[in-house]
Amino acid sequence: MSIVIADEPRTAPPPPEPAVPVRNYLNNNYSVWSWLLTTDHKRIGILYLVSLTLFFTVGGIAAGMVRLNLLSPSGAILTEDQYNRMFTAHGVVMLFLFLIPSIPAVMGNFFIPMMIGAKDLAFPKLNLASWYVFMIGAGFAVWAVLAGGIDTGWTLYPPYSSRYSHTNVTPGVFGVFITGFSSIMTGLNIMVTIHKMRCPGMTWGRMPLFCWALYATSFIQLLGTPVVAITLTLLMVERVAGVGIFDPTIGGDPLLFQHLFWFYSHPAVYIMIVPGMGVVSEIITCFSRKNIFGYKAVAWSSVGIAVVGFLVWSHHMFVAGISYYSAILFSFLTMLVAVPSAIKVFNWTATLYRGSITFQAPMLFTLAFLVLFTVGGVTGVFLATLGTDIHLHDTYFVVAHFHFVMVGGMVLAYMAALHFWWPKMTGRMYSDFWSRASATIIFVGFFLTFVPQFVLGYHGMPRRYPNYPQEFQVYNVLSTAGASVLGFGYLLPGVYLTLSLFFGKKASANPWSATGLEWQTPSPPTLHNFDATPVVVCGPYEYAIAVDQMGRGLPEPPGPGSAGDPASHFGPTGPCGPIYKETEVVG
Amino acid sequence: MSKPDHNKPDDPPTMHDVDKPATLFAVYLVVLGLAVANIMLSVAGLHNLALPVQLGIGTVQAVLVAWYWMHLRRGDQVVTLSAVTSLFFVFIFYVLVLSDVLTRWRGGL
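Residues numbered from 1 in each chain as written. Chains lettered and ligands numbered in written order. Predicted model: local features only at pLDDT ≥ 70, side-chain atom pairs only at ≥ 80, totals over all residues.

J.: Describe the overall build of chain B, with residues and values.
T.: In terms of helices and strands, chain B carries 3 helices and 0 strands. In chain B, the succession of α and β elements from N to C terminus is α-α-α. Taking all contacts inside chain B whose residues are at least 6 apart in sequence as the whole, residues at least 24 apart take part in 39%. (Helix = DSSP H or I, 4+ residues; strand = E, 2+ residues; numbered from the N terminus. Contact = placed C-beta atoms within 7 Å.)

Put into structure tokens, the structure is as follows:
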């Protein structure tokens, strides 16, 4: 339905600031064992946050080495063999140990129960087990890529990986195999929690879009991860026992590996990006002070991406030797996935339209996501098109496209989520200036890094080659310069977020004046999140009438009136006028 | 007698709803036996029959695991729907892979 709000706000007054509890999840117990044996979803989220930050650093250093080496046409610092191992380390660590678990394991663990009004996830012990399993798998994988390395690329294509590589393929594959179980555990936990533990009034139509996104992600994790697990097992069987599965010289079919691998690994791209889309939906409404445009469309498009994402994998194999007919079929199917993705982008853009936009760090990261993800998506159409893919396949065009989606999209969404929910997680505010500076530097550095790679790829520079013709050097130097800027941009949050823990101003319960249930708890939250089970009475984004999901008024949005807050300089209602507008009420 | 609803806290599972260890162990032995049979059949020279026979044995193993160990025979509608959904995606995988395998002889890129 559609209602028109008059000039005067007719909302309930905001609830009083909840009393800061003596005990919260952070200070309840300081012992190491209380962290290592915790079943509190919030602490497990923090454990994942620390672990993933470490792995992101390792993967980032590997990326830096790759880019440094490409400064020179003949390789600046690495031998060719070292180069192979370095880009494999970058791929394996970033994909399996950072991108896939990042938002589901950190933000999902921490916030899904709070957003649906639950005390914890459905299976707290399984949740802790998932972190241990992840760390064991990560230990194998990191040891494999650092102690000797793997030279196959993260895709581990046989028969090279299964028969001929003399590097640490087996422990690396075993590590990835183990981390897959962690992914399944997390997905299962989140899915069951959303089904079974929503508080009274939290219907599916009132559930925050972040929860919808994580639900769709869990669907992919549960259906796809076992496939890659068995694929990697078969790879190990061929490598260790010499059973002919993928190697054609002993009766195998290498394309079978690619089919099995990409049946998981393409949907895995959506495991990475769909949670980011959920984050964007949360932030874009909050910092536009508007209800989401097209709640149902955005919610169901998450499910649509999860389903259609399983139908498109062979576009990675267009030039691998699959049949013409299959290639045409997959080209068509790949185009389909653009539909739900575009639905989201259009709805986010419509949400921004005439919104009272403020430009705090979470919103800057989110706007950067919108731009970069759109570029990444549109360049994906070139690769989905059979004819152009033959020209662009395995070139730097693919590298640039992938990084636009994964880094420009997912990593920025992760940064947005981190900045949005940091006050809730830690109870501290961070530097407004430096956080916005970081978002801007990352955005600029990203463009400088990856736009030259589009040009390189179009002109035919293949990916994974340590050497290149002289005429490509200028683009490679530009890209490496951009990577330096990007790296500096990533370092900044590491500094100011850490400093905020010690010197940051204490955060209020709802510093962004957001509507979700997670903001109805103190910052940082108490042990069991809510003193009493919340009762939801309205939709998740009632910014137009300024009420939270429990029907209570919202505090004043951050602005110049609240000195010291990480507020925009554009004022509490933004540059586009007052916040009361014609709007659609969801739920 | 109506089927117990395990979602209600006041209606916990009874002994009737729990599989006996002997049953589960027997199923385990059957699955192991079928695995041994499958391995032996692979060197038995079945030629064209090898693929359907061995896939059939594998299917029986999977059904036993799902029916007994995954408790699908006691699962409610959501659990059954989840299992069917996974089968649906396996079906999609086979169909789309076969679109390549069955037409590859006509040429490819």
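From this point, things continue past the structure.
J.: Before we move on, could you go through the interface of chain A and chain B and cite the residues and values that matter?
T.: Taken together, the contact between chain A and chain B spans 17 residues of the former and 14 residues of the latter. Listed by contribution, the elements that provide at least two residues to the side of chain A that touches chain B are α9 (254-286) and α11 (324-336) of chain A. Looking at the side of chain A that touches chain B residue by residue, the class counts come to 12 nonpolar, 5 polar and no charged. (Nonpolar A, V, L, I, M, F, W, Y, C, P; charged D, E, K, R; others polar.)

J.: Mind laying out the nonpolar core, listing which residues take part and the relevant values?
T.: Residues and elements named next belong to chain A. With 185 residues, the main nonpolar core has Val-93, Ala-141, Cys-211, Ala-413, Ala-416 and Ala-417 as its most contacted residues. By residue number, the principal contributor to this core is helix α15 (residues 396-426), which donates 22 residues. Those residues in contact with Ala-417, other than ones at most four positions away along the chain, are Ile-103, Met-107 and Val-279. (Core = buried A, V, L, I, M, F, W, Y, C linked by C-beta atoms within 7 Å. Buried ≥ 20, exposed ≤ 12 C-beta atoms within 10 Å, placed from the backbone.)

J.: Outline unusual backbone geometry, supporting the account with residue identities and numerical values.
T.: Residues and elements named next belong to chain A. Note that the residue after Pro-158, namely Pro-159, is joined by a cis bond; omega there is 5 degrees. Looking along the chain, the bond that leaves Ser-523 and enters Pro-524 is cis, with omega of -10 degrees. Here Pro-524 shows up in the loop between α17 (473-503) and β2 (583-584). Located in the positive-phi region is Ser-513, a residue other than glycine, with phi close to 55 degrees. Structurally, the position occupied by Ser-513 is in the loop between α17 and β2. On the neighbour-count criterion, Ser-513 (23 C-beta atoms within 10 Å) is buried. Positive phi, close to 55 degrees, is recorded for Ala-546, a residue that is not glycine.

J.: Any details on the domain arrangement of chain B? Residues and values, ideally.
T.: In terms of domain boundaries, chain B breaks down into domain 1 (17-74) and domain 2 (76-109). The distance between the C-alpha centroids of domain 1 of chain B and domain 2 of chain B comes to 22 Å. (Domains from an automatic or database assignment.)

J.: Describe helix α13 (residues 361-384) of chain A, with residues and values.
T.: Taking 1.5 Å of rise per residue, the 24 residues of α13 of chain A would be expected to cover 34 Å, and the 34 Å separating its terminal C-alpha atoms lies within 8% of that figure. Counting buried residues along α13 of chain A, 18 of its 24 residues qualify, which places the element largely inside the surrounding structure. (Expected span 1.5 Å × (residues − 1).)

J.: Help me get a handle on the packing of α13 of chain A against helix α16 (residues 432-458) of chain A, residues and values and all.
T.: Residues and elements named next belong to chain A. Running from N to C, α13 and α16 cross one another at 15 degrees; their axes reach a closest spacing of 8 Å. As the angle between them shows, α13 and α16 are arranged roughly parallel. α13 and α16 meet at a crossing whose hand is left-handed. Across the interface between the two elements, Ala-361, Leu-364, Phe-365, Ala-368, Leu-372 and Thr-379 of α13 pack against Ser-435, Arg-436, Ala-439, Thr-440, Phe-443, Phe-446 and Phe-454 of α16. When its residues are assigned to classes, the contact of α13 with α16 shows 9 nonpolar, 3 polar and 1 charged. (Axes fitted to C-alpha atoms, helices over the stretch in contact; angles between N-to-C directions. Parallel < 35°, antiparallel > 145°, perpendicular 65-115°, else oblique. Left-handed = near helix turned anticlockwise from the far one by under 90°.)

J.: Lay out the confidence of the model for chain A in plain terms, naming residues and giving numbers.
T.: Residues and elements named next belong to chain A. With 93% of its residues at a pLDDT of at least 70, chain A reaches an overall mean of 91. Mean pLDDT in chain A bottoms out at strand β1 (residues 2-3), which sits at 43, and peaks at helix α2 (residues 41-69), which reaches 97. Scored below 50 in pLDDT, residues 560-587 shows 77 contacts in the model against residues more than four places distant or in partner chains. (pLDDT = per-residue confidence, 0-100.)

J.: Residue-level account of the environment of Ile-220 of chain A, with values.
T.: Residues and elements named next belong to chain A. Mapped onto the fold, Ile-220 is located in helix α8 (residues 209-241). Judged by the 24 C-beta atoms lying within 10 Å of it, Ile-220 falls in the buried class. Taking the C-alpha atoms as reference, Ile-220 lies 27 Å from Phe-87; in sequence the two are 133 residues apart. Setting aside chain neighbours within four positions, we find Ile-220 in contact with Pro-267, Tyr-270, Ile-271, Ala-306 and Gly-309.

J.: Residue-level account of the packing of helix α7 (residues 169-196) of chain A against α8 of chain A, with values.
T.: Residue and element names in this part refer to chain A. The interhelical angle for the contact between α7 and α8, taken along N-to-C directions, is 155 degrees, at an axis separation of 8 Å. In terms of axis orientation, α7 runs roughly antiparallel to α8. When you trace α7 past α8, the crossing you get is left-handed. Each residue belonging to the contact of α7 with α8 can be placed in one class, and the counts come to 20 nonpolar, 9 polar and 1 charged.

J.: Explain the environment of Phe-111 of chain A residue by residue, including any values.
T.: All names here are of chain A. Tracing the backbone shows Phe-111 in helix α4 (residues 102-115). Along the chain, Phe-111 and Trp-421 lie 310 residues apart, while their C-alpha atoms are 8.9 Å from each other. Residues contacting Phe-111, with those up to four places away along its chain left out, are Trp-421 and Glu-518.

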